[in-house]
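Given next are the chains, with one letter for each unit.
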Amino acid sequence: MLTPRTILARRVTAALDAFPSRIPVLVGGCGSGRTTLLHQLRERIGRTSAQYIDVERTATTPERFLRAVSAVSPFPITDSSAPGVLGARPAFDATLAFFGHARTSASEPATFLLDEFLELRTFESFPGLRRVQHDFVDGLAASGNRFVLTSRYVARALRLLRDRSARFEVINMPALTLEDTQDILGPTPASGNSGNSGGDEAEYLARTVQSLADGRPSYVRAVADELTAMREHGGAGPGSPGSNDPISALVALLAPEGRLAKQCGFSYELRLHRARGYGALKAILEILGEEEGLTLTEISQRLQRTPGSTKDYLSWLEDVDLVTSRSKRYSFTDPLLRVWVRLHCRATAPSEDDLAREVHRYALPRLPPQIEVPKPQPHAEPAFAMAGGPPTGIIEID
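Please read these numbers as outputs of a predicted model, since none were measured by experiment.

Asks: In this structure, what is going on with the overall build of the protein chain? I would like to understand it.
Replies: The helix and strand tally for the protein chain stands at 17 helices and seven strands. Out of the 398 residues belonging to the protein chain, those deemed buried represent 50%. If you sum the accessible surface of the protein chain, you get close to 18300 Å²; carbon and sulfur atoms cover 51% of it.

Asks: I keep staring at the packing of aromatic side chains and nothing clicks. Help me out?
Replies: For any two aromatic rings, the description comes down to two numbers: the centre-to-centre distance and the angle of the planes. A full pass over the atoms with the stated rule returns twelve aromatic pairs. Taking the centre distance of 6.2 Å and the plane angle of 35° together, the rings of Phe98 and Phe99 count as tilted. Exposure class is identical for Phe98 and Phe99. Each is buried. Pairing Tyr268 with Trp340 gives two aromatic rings, centres 4.9 Å apart and planes at 50°, and the pair type is tilted. With Tyr268 in helix 12 (residues 259-274) and Trp340 in helix 16 (residues 335-344), this residue pair connects regions lying 72 residues apart in the sequence. Looking at Trp340, the relative accessible area reads 9%, which means it is buried. Taken together, Phe75, Phe98, Phe99, Phe112, Phe117, Phe136 and Phe147 form an aromatic cluster joined through their ring pairs.

Asks: Help me understand the sheet that holds strand 4 (residues 146-151), please; the structure alone is not making it clear to me.
Replies: Strand-to-strand pairing in sheets goes through backbone hydrogen bonds, with the strands running parallel or antiparallel. Taken together, five strands build an open sheet; the order of strands is 2-3-4-1-5 and the sheet is parallel. Two strands close off the open sheet at either side, each with one partner strand: strand 2 (50-54) and strand 5 (168-172). Neighbour-to-neighbour, the strand axes of the sheet open up by a mean angle of 15°, direction not taken into account. As defined by bridge partners, strand 1 (residues 23-27) adjoins strand 4 across three bridges and the pair is classed as parallel. Bridging from a neighbouring strand, Val25 pairs with Leu149 of strand 4. The sheet contacts of helix 2 (residues 34-45) involve strand 1, strand 2, strand 3 (111-115) and strand 4, and relative to strand 3 the element is tilted by about 165°.

Asks: Looking at this structure, how should I read the layout of surface pockets?
Replies: A water-sized probe, rolled over the atoms, reveals where empty space remains. By volume, the largest pocket is sized at about 600 Å³. Along the wall of the largest pocket there are 28 residues; nearest its centre are Gly28, Gly29, Asp214, Arg216 and Thr333. Those elements giving two or more residues to the lining of the largest pocket turn out to be helix 10 (217-232), helix 12, strand 6 (323-326) and strand 7 (329-332). Sort the elements by how many residues they give to the lining of the largest pocket and strand 6 lands first, with three residues. A breakdown of the residues in the lining of the largest pocket according to their chemical character gives twelve nonpolar, nine polar and seven charged.

Asks: In this structure, what is going on with empty space enclosed by the protein? I would like to understand it.
Replies: Here the structure, examined in full by the defined rule, presents two cavities of 30 Å³ or more. Lining the second largest cavity are Cys30, Tyr219, Gln263, Cys264 and Ser267. Here the element with the most residues in the lining of the second largest cavity is helix 12; it accounts for three residues. Its residues assigned to classes, the lining of the second largest cavity comprises three nonpolar, two polar and no charged.

Asks: What's the story with the pairing of strand 2 in this structure? I'm lost.
Replies: Every other side chain in a regular strand lies on the same face of the sheet, so the side chains alternate between the two faces. Of all five residues making up strand 2, four are buried, and the element is well covered by its neighbours. Judged from the five bridges that link them, strand 2 and strand 3 form a sheet pairing that is parallel. When the bridges of strand 3 are listed, Tyr52 appears paired with Leu113.

What counts, and at which threshold
- Residues numbered from 1 in each chain as written.
- Predicted model: local features only at pLDDT ≥ 70, side-chain atom pairs only at ≥ 80, totals over all residues.
- Heavy atoms only, no water.
- Helix = DSSP H or I, 4+ residues; strand = E, 2+ residues; numbered from the N terminus.
- Buried < 20%, exposed > 50% of the residue type's maximum accessible area, 1.4 Å probe, protein only.
- Areas by Shrake-Rupley, 256 points an atom, 1.4 Å probe, with all protein chains shown as cover.
- Phe/Tyr/Trp six-rings, centres within 6.5 Å; stacked < 30°, edge-to-face > 60°.
- Pairing = 2+ DSSP bridges.
- Axes fitted to C-alpha atoms, helices over the stretch in contact; angles between N-to-C directions.
- Contact = heavy atoms within 4.5 Å.
- 1 Å grid on protein atoms, 1.4 Å probe; cavity = no way out; pocket = protein on both sides within 12 Å on 5 of 7 lines; lining within 4 Å.
- Points joined across faces, edges and corners; volume = space filled by probe spheres on them.
- Nonpolar A, V, L, I, M, F, W, Y, C, P; charged D, E, K, R; others polar.

What follows is the structure, encoded as structure tokens:
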């Protein structure tokens, strides 16, 4: 059976193979698998026919970006795109010329895989480059070469491409399926309950992990790795209830030095620094951390700012996909990031009781139904056991 990830790869390949080729634009949050897919495409197409470029790491000045792109390119450099060009605008034009006219050694169209292409916005502070993103996408659309673009900023990508060439095809990165999650989790030790088959128990664990991780690949991988570590390092041996305890794993991952705490902190700061109104935006996120689904008026009252200024702040948060508005009520786009804000955007580090309480509060409504889950306790036996096995009538939560 084809998974959404396989279908996505085929869709991107079909877009590149069309005539004229379309330009897939892969959008999704941090850890959604965009970069992984680009590297897979490069291997599939061939390193002499496709060039991967990490725009986020190389977009410093237009001149240095041109040198970085050309220094490792498998494609011959022409005079019009020589890396020695001086001046911001000439260097950017030379880069566009290179993207537009490069050919492989077999004189075939080149393929460029541009990761985080919206980071070219960095160049807007240089003379003559106030419309750099528009010039860039227009230049790609006019080229006969093939391109795949990615961005973690969904709203910005959609706004930029709304009135551009029909060659651009925006594709949202899909959440992991149950089968994907099972593959990442790998073989699951049985709990020792003879009333349930190992297959049923593995499926129930996968459903639980998929729901708690919101289907996000990097979150699923973190929980899977933590479960493995718990089995291998003392806390929960194979066959014990704790060896299949994703809630205890999530508690550990969201501790101050935990993997997901660091990952959520990175995403939080990165997006805020790309937005305007840093301090006020943090305050709104703390307000939504306390209570989601608030209206503009309710947020402005708690922020003690006018509805007009609060609306601007909210639009800036939407611009970097930190919040989402549904029926004029605002919530976090990433539900696990909300848990991180509740735990870590405070004067002191969270205690073990805080971690257990907040993770339980987050996890309980997301678990497959008809199962009782005791609240995790610090320094106690793992709080979530699979001894009861998966209940009947399981509903997969997307």
